[in-house]
Amino acid sequence: MKLVTKFFKHVWKSIRNLAWALIVAFMLGVHNFYTGEIKSKDDIVFTVEQDVIEEDAAPKD
């Protein structure tokens, strides 16, 4: 009985570690993808200014 319990504890620990590693790898991949999109703070400012200009150019009813 102890052998079975020890085996299941080992399997559970391995699965838990693998799940944690996959979650961390996924989050790093998503984070790096989005940080690659925006290169600098100037790009962020330009994007915000562009949105404001587009909102101001909308026709008023």
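See the structure shown above.
Before going into details, it helps to say that this report is about the structure given with it. (Residues numbered from 1 in each chain as written. Predicted model: local features only at pLDDT ≥ 70, side-chain atom pairs only at ≥ 80, totals over all residues. Heavy atoms only, no water.)

1. Describing the overall build of the chain
Each helix and strand in the chain was counted, giving two helices and zero strands. Put simply, the chain has 61 residues, and 0% of those count as buried. Carbon and sulfur atoms make up 69% of the accessible area of the chain, which totals about 6,200 Å². (Helix = DSSP H or I, 4+ residues; strand = E, 2+ residues; numbered from the N terminus. Buried < 20%, exposed > 50% of the residue type's maximum accessible area, 1.4 Å probe, protein only. Areas by Shrake-Rupley, 256 points an atom, 1.4 Å probe, with all protein chains shown as cover.)

2. With respect to the packing of aromatic side chains
Tallied over the entire structure, the rule returns one aromatic pair. Here the aromatic rings of Phe7 and Phe8 are separated by 5.6 Å at their centres, their planes lie at 65°, and the arrangement is edge-to-face. By the burial criterion, Phe7 is exposed, and Phe8 matches it. (Phe/Tyr/Trp six-rings, centres within 6.5 Å; stacked < 30°, edge-to-face > 60°.)

3. Things to note about a nonpolar patch on the surface
Together, Val4, Phe7 and Phe8 line one region of the surface with nonpolar side chains, adding up to about 320 Å² of accessible area. Here Val4 is to be found in helix α1 (residues 2-37). Among the residues examined, Val4 registers a relative accessible area of 41% and is labelled partly exposed. (Patch = residues over 30% accessible without salt bridge, like charges linked within 9 Å, V, L, I, M, F, W, Y side chains within 5 Å. Salt bridge = Lys/Arg side-chain N within 4 Å of Asp/Glu carboxyl O.)

Nothing here speaks to function; it is geometry throughout.
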